[in-house]
Amino acid sequence: MSRRWIGAPVLMLGAAVLLAACGAPPGPQGWASPKPVMVENQQVILVPHKSKLYALPSGSSTELWEFPPKDKNSYPASGETRGDLAAKVSAAGLDATARTQIEQKINDLKVSGPTGADLKTAVTNSGASDDSKKQINGEVDSALSFEKKSLDGLKALYGDIGISADGKTAFVPTFKGVIFALDTATGEIRWVRDAQAGMVGGVAVDGNAIYFGTKGKRIAALDAKTANQIWSFNTNGEVWAAPTVDGGTVYATSLDGSVYAIDKSSGEQKWRFSGAGSGIASRPVVSGDAVYVGSFDNKLYSINTADGGMNWSLSAGNWFWATPVVQDNVVYAASLDGKVYAVDAATGVAKWPKPFDTGAAIRSEPVIAGGGLVVAARNGSVYKLALTDGQPVQGSPVSAGTSVLANLTVSSGAMVLISPTSSALYVLNASGDLQAPASFPLPQ
């Protein structure tokens, strides 16, 4: 099997398939959140918008790079492809002059354009054996065809981007089900893999591995550097959220109404919570000895990390899709009923006199910044709420221009990054009372 394809599931865990929540995201438009990353001592904001990813210096609309590029004829083939070809040429027994010439053409190889044909001509005219020529040229054709197809069919970005511990690689999942590992300094591809099913959720990074789920009803773990599969785990429903890694366990949710606890090393199931009455598309949050997750049955659940038993649940007037936030033994959760709830993490008892009502559905994950809870409603209204009683601070709400579906992101303590559905990045200073956020139009 080609290294460009992530292998079929190798673990068949779980019993009969449960009835999953039906439906799909509202069209492949994308709602991935912005992601700050330090690149060579400069803060860069990776801003997904629909089917594009822009790298902007903090406080600027001047892009460093965009992905996919406008001109694929000048876009390098992946580092993995060039490395594989160089290894094959090195093993072909060529004289030093021919090998150097061909290696230079490999270094210059682009995803599209004449460089592929130029490389194949050089190989054909070399002194390599016929078998080596056939193997190398076949690899050129298959690799470039796969990478071009992957770029052309990217479609949209929904799942949040994973960033390597050193900040040098961004792992970008696409709605079509292809994952790109990109150099954060240049936007060039390190490797690309087809997950063989669509992806709505994001990528979790832990050490030298990445973890993700697909609409093909599975969770996978890959080596972050090589993209080799470590393990694969079957769920009984589609996976619409990034997993959460805590200690030696990967926690993942599914539209089968379950939370799965999976051993991080082996990919074997530790336990499964299947008490939700509908699908779960919220990323699980682990704090202490509990997992907190919202469900499409209008409930927020606290689940024991030891055995998957339910500690408590909280009912709302609509789905809990946004990921909850936990701080100082309080769980803050936003619902599509437009309300924000604050409850004691141990008991589920309300901490505020009443939930705060934004008046519009909330799908975006709130964040704690500037000593308050920052929440973006789907209508674009952004609030900062006091953690003590849920009351909005002076200046709330401010507007993010258009609808907000993407998760909020905190940068530099009190700066909140907001990606609305319009082509712009909003940066909100949440250090005190709210003022209108700064707006940075995305390149056209």
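Computed from a predicted structure; not experimentally measured.

Colleague: Please give an account of the sheet that holds strand β26 (residues 372–376) that cites residues and values.
Modeller: Taken together, the four strands give an open sheet; going across it, the order is β25-β26-β27-β28, and neighbouring strands pair in antiparallel fashion. With one partner strand each, in any of the chains shown, β25 (367–369) and β28 (398–399) form the two edges of the open sheet. With five bridges joining them, β26 and strand β27 (residues 381–386) adopt antiparallel strand pairing. The partner of V375 across the bridge, within β27, is Y383.

Colleague: Lay out the packing of helix α1 (residues 79–90) against helix α4 (residues 130–152) in plain terms, naming residues and giving numbers.
Modeller: Where α1 meets α4, the axes come as close as 10 Å, and the angle between the chain directions of the two elements is 175°. Taken as axis vectors, α1 and α4 run roughly antiparallel relative to one another. Of α4, the residues touching α1 (which contributes T81, D84, L85, K88 and V89) are Q135, I136, E139, V140, A143 and E147. Taken together, the residues that form the contact of α1 with α4 break down as five nonpolar, two polar and four charged.

Colleague: Tell me what's going on with the pattern of salt bridges, and back it up with residues and numbers.
Modeller: The final tally for this structure, using the stated rule, is 13 salt bridges. Ionic pairing is found between D256 and R272, a salt bridge with its closest N-O pair at 4.0 Å. Residue D256 is found in the loop between β14 (249–253) and β15 (259–263), and its partner R272 is found in strand β16 (residues 269–273); the two are separated by 16 residues along the sequence. Relative accessible area serves as the criterion here: at 5%, D256 is assigned to the buried category. By sharing partners, the salt bridges in this structure join K52, E66 and K70 into a single network.

Colleague: Lay out unusual backbone geometry with the relevant residues and their values.
Modeller: For the peptide bond that leads from F67 to P68, omega is -5°, which places it in the cis range. Along the polypeptide, P68 turns up in the loop between β4 (65–67) and α1. A cis geometry characterises the amide bond from S396 onward to P397, with omega recorded as -5°. The phi dihedral of K217 is positive, around 65°, even though this residue is not glycine. The topology assignment puts K217 in the loop between β10 (209–214) and β11 (218–223). Given a relative accessible area of 35%, K217 falls into the partly exposed group.

Colleague: Account for the sheet that holds strand β32 (residues 438–441), with residues named and values stated.
Modeller: In spatial order, the strands read β29-β30-β31-β32; together these four strands make up an open sheet with antiparallel pairing. The open sheet terminates on both sides in strands that have one partner only, identified here as β29 (409–411) and β32. In this sheet, neighbouring strand axes are inclined to one another by 25° on average, regardless of whether the strands run parallel or antiparallel. Relative to β32, strand β31 (residues 424–429) runs antiparallel, the two sharing four bridges. Directly across from V427, in β32, lies its bridge partner A438.

Colleague: Break down the nonpolar core for me, citing the residues and quoting the values.
Modeller: Counting 24 residues, the largest nonpolar core has L46, L53, F67, F180, L182 and I189 as its most contacted members. Of all elements in the fold, only β1 (35–39), β2 (42–49), β3 (52–57), β4, α4, β6 (169–173), β7 (178–183) and β8 (189–194) reach the threshold of two or more residues within this core. For L182, the contacting residues outside a window of four places in its chain are L53, W65, F67, Y75, K168, T169, A170, V172, G187, E188, I189 and R190. Listed in part, the 17 residues of the second largest apolar core include V325, A334, A360 and L385.

Colleague: Can you break down the side chain of S112 residue by residue, with the values?
Modeller: By the element assignment, S112 lies in the loop between α2 (96–107) and α3 (115–124). Here S112 falls in the buried class, since its relative accessible area comes to 10%. When neighbours within four sequence positions are excluded, S112 is seen to be in contact with K72, N73 and K148.

Colleague: Break down α4 for me, with residues and values.
Modeller: With 23 residues, α4 ought to run about 33 Å at 1.5 Å a step, and its terminal C-alpha atoms sit 33 Å apart, in line with that. Those residues of α4 lying buried are S132, K133, I136, N137, E139, V140, A143, L144, F146, E147, S150 and L151. Each element contacted by the buried residues of α4 is listed here: β4, α1, α3, β7 and β8.

The rules behind the values
- Residues numbered from 1 in each chain as written.
- Predicted model: local features only at pLDDT ≥ 70, side-chain atom pairs only at ≥ 80, totals over all residues.
- Heavy atoms only, no water.
- Pairing = 2+ DSSP bridges.
- Helix = DSSP H or I, 4+ residues; strand = E, 2+ residues; numbered from the N terminus.
- Axes fitted to C-alpha atoms, helices over the stretch in contact; angles between N-to-C directions.
- Parallel < 35°, antiparallel > 145°, perpendicular 65-115°, else oblique.
- Contact = heavy atoms within 4.5 Å.
- Nonpolar A, V, L, I, M, F, W, Y, C, P; charged D, E, K, R; others polar.
- Salt bridge = Lys/Arg side-chain N within 4 Å of Asp/Glu carboxyl O.
- Buried < 20%, exposed > 50% of the residue type's maximum accessible area, 1.4 Å probe, protein only.
- Core = buried A, V, L, I, M, F, W, Y, C linked by side-chain atoms within 4.5 Å.
- Expected span 1.5 Å × (residues − 1).

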